[in-house]
Amino acid sequence: EPEVTQTPSHQVTQMGQEVILRCVPISNHLYFYWYRQILGQKVEFLVSFYNNEISEKSEIFDDQFSVERPDGSNFTLKIRSTKLEDSAMYFCASSEDRVGYTFGSGTRLTVV
Amino acid sequence: QKEVEQDPGPLSVPEGAIVSLNCTYSNSAFQYFMWYRQYSRKGPELLMYTYSSGNKEDGRFTAQVDKSSKYISLFIRDSQPSDSATYLCAIPYYGNNRLAFGKGNQVVVIP
C-alpha cells in the first residue's frame, strides 16, 4: 500500500531556530497538504499545494511558514523562527482527488 | 473552527458491542463526510466517506449522514480490541481544499 513518508519523526529545536519538516507524498498524487495537531486539540489545516503553488492557506500559516516542492518527490514545510506555541504534531498528506487523503505518521516538533 | 463538532468524550465498550459515534456540522452545502481512524503516534487514516445523504457500509463499519439534521454517524458492529483508536469526523470545504476535523473520540474496546 503506498504511503506518505515524513522525516524526522521527532525534532527538538530551540526557540527562534529554523526547522524544515520533510515529506514524500504518494507518487501519483497531485495535491499536497500540511496539517498540525497541538496536544489535546483538533487536527488543524495549515496549507494546501497544487501545481507548484499554494492553493489555500489558513490563518495559522503566516509569514513564518513556507512550503516548497524542491524536486519531483519531496514536499517541505519550513518554520523560520520557531515559537513555543509551534510545538505540535505536523502531518503531511497527499491526495489524488481532493477527497481521499493519505496522511503520513507525522513529525513531533518540540520547541524549547 | 466550528464547521464540525464532535463531543470528544472517551468511550469504553466490551468486545462485541456496537460503537456509535456522532458529529454535527454547520453548513448545509457540505457534500462529503469522512471518518478517519487515528492510532496512537500515527497520522489519521481514512476509514470511509459518504457523498450527500444516506448510509454506506464497509464490513463492520457503517457511516450515516442525515443532511436535514446536519448530523453524521459512524457505527462499528462487533467491535474488536484492534478497533481501539481515536475516531475523527472530517469534512472537506473551501472547494475541497481543506479538511475540517472534529476533536475525535477515543474508543477503547475491552477484551
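Structure first, text after, so check above.
This is a predicted model, so every value here is computed, not measured. (Residues numbered from 1 in each chain as written. Chains lettered and ligands numbered in written order. Predicted model: local features only at pLDDT ≥ 70, side-chain atom pairs only at ≥ 80, totals over all residues. Heavy atoms only, no water.)

Structural notes on the nonpolar core
Reasoning step 1: Formed by 26 residues in total, the largest nonpolar core has its most connected members in Trp 35, Ile 72, Leu 74 and Tyr 87 of chain B.
Reasoning step 2: Every element with two or more residues in this core is listed here: β3 (19–25), β4 (32–38), β5 (45–51), β7 (61–66), β8 (71–76), β9 (85–93) and β11 (105–110) of chain B.
Reasoning step 3: Of the residues forming this core, the biggest block, five residues, is contributed by β9 of chain B.
Reasoning step 4: If we ignore the near neighbours within four places in the chain, the residues touching Leu 74 of chain B are Val 19, Ser 20, Leu 21, Trp 35, Leu 47, Met 48, Phe 61, Thr 62, Ala 63 and Tyr 87 of chain B.
Reasoning step 5: Counting residues in each nonpolar core, the second largest holds 23 residues, with Val 4, Val 19, Val 47 and Phe 49 of chain A among its members. (Core = buried A, V, L, I, M, F, W, Y, C linked by side-chain atoms within 4.5 Å. Buried < 20%, exposed > 50% of the residue type's maximum accessible area, 1.4 Å probe, protein only. Helix = DSSP H or I, 4+ residues; strand = E, 2+ residues; numbered from the N terminus. Contact = heavy atoms within 4.5 Å.)

Some thoughts on the interface of chain A and chain B
Reasoning step 1: Across the boundary between the two partners, chain A contributes 23 residues, which contact 22 residues of chain B.
Reasoning step 2: Between chain A and chain B, roughly 1900 Å² of surface is buried when both sides are summed, and carbon and sulfur atoms account for 50% of that area.
Reasoning step 3: Per-residue buried area on chain A facing chain B is highest for Lys 42, Arg 98 and Val 99 of chain A; these three make up 33% of the total on that side.
Reasoning step 4: Taken together, the connections running from chain A to chain B amount to two salt bridges.
Reasoning step 5: Between Arg 98 of chain B and Glu 59 of chain A there is a salt bridge, with the nearest N and O atoms lying 3.9 Å from each other.
Reasoning step 6: At the junction of chain A with chain B, the criterion picks out eight residue pairs in polar contact (both at pLDDT 80 or more).
Reasoning step 7: Of the residues in the side of chain A that touches chain B, the class split is eight nonpolar, nine polar and six charged. (Buried area = accessible area lost by both parts, 1.4 Å probe. Salt bridge = Lys/Arg side-chain N within 4 Å of Asp/Glu carboxyl O. Polar contact = N/O pair within 3.5 Å; in protein donor to acceptor, adjacent residues only side chain to side chain. Nonpolar A, V, L, I, M, F, W, Y, C, P; charged D, E, K, R; others polar.)

With respect to the packing of aromatic side chains
Reasoning step 1: Scanning the model with the defined rule gives 21 aromatic pairs over all chains in all.
Reasoning step 2: When the ring of Tyr 35 of chain A is compared with that of Phe 45 of chain A, the centres are 5.5 Å apart and the planes differ by 70°; the resulting orientation is edge-to-face. Placement of Tyr 35 of chain A in strand β4 (residues 31–37) and of Phe 45 of chain A in strand β5 (residues 43–50) is noted, with a sequence separation of 10 residues between them.
Reasoning step 3: We classify Phe 45 of chain A as buried; its relative accessible area is 3%.
Reasoning step 4: For the pair Tyr 25 of chain B and Phe 33 of chain B, a centre-to-centre distance of 4.9 Å together with 45° between the ring planes defines the contact as tilted. Comparing Tyr 25 of chain B with Phe 33 of chain B, the two get one shared label, buried.
Reasoning step 5: An aromatic cluster is defined as three or more aromatic residues linked by ring pairs; in this entry it consists of Tyr 33, Tyr 35, Phe 45, Phe 91, Tyr 101 and Phe 103 of chain A together with Tyr 36 and Phe 101 of chain B.
Reasoning step 6: The ring of Tyr 49 of chain B carries the charged tip of Lys 56 of chain B above its face, separated from the ring centre by 4.8 Å. (Phe/Tyr/Trp six-rings, centres within 6.5 Å; stacked < 30°, edge-to-face > 60°. Lys NZ or Arg CZ within 6 Å of the ring centre and 35° of its normal.)

Some thoughts on the sheet that holds strand β1 (residues 5–7) of chain A
All names here are of chain A.
Reasoning step 1: The strand order across the open sheet built from four strands is β1-β3-β8-β7, with neighbouring strands paired in antiparallel fashion. Edge positions in the open sheet fall to β1 and β7 (65–68), since each of these has one partner strand only. Pairwise comparison of adjacent strand axes, ignoring direction, gives a mean angle of 20° for this sheet.
Reasoning step 2: Note that β1 and strand β3 (residues 19–24) share three bridges and pair antiparallel. The partner of Thr 7 across the bridge, within β3, is Arg 22. (Pairing = 2+ DSSP bridges. Axes fitted to C-alpha atoms, helices over the stretch in contact; angles between N-to-C directions.)

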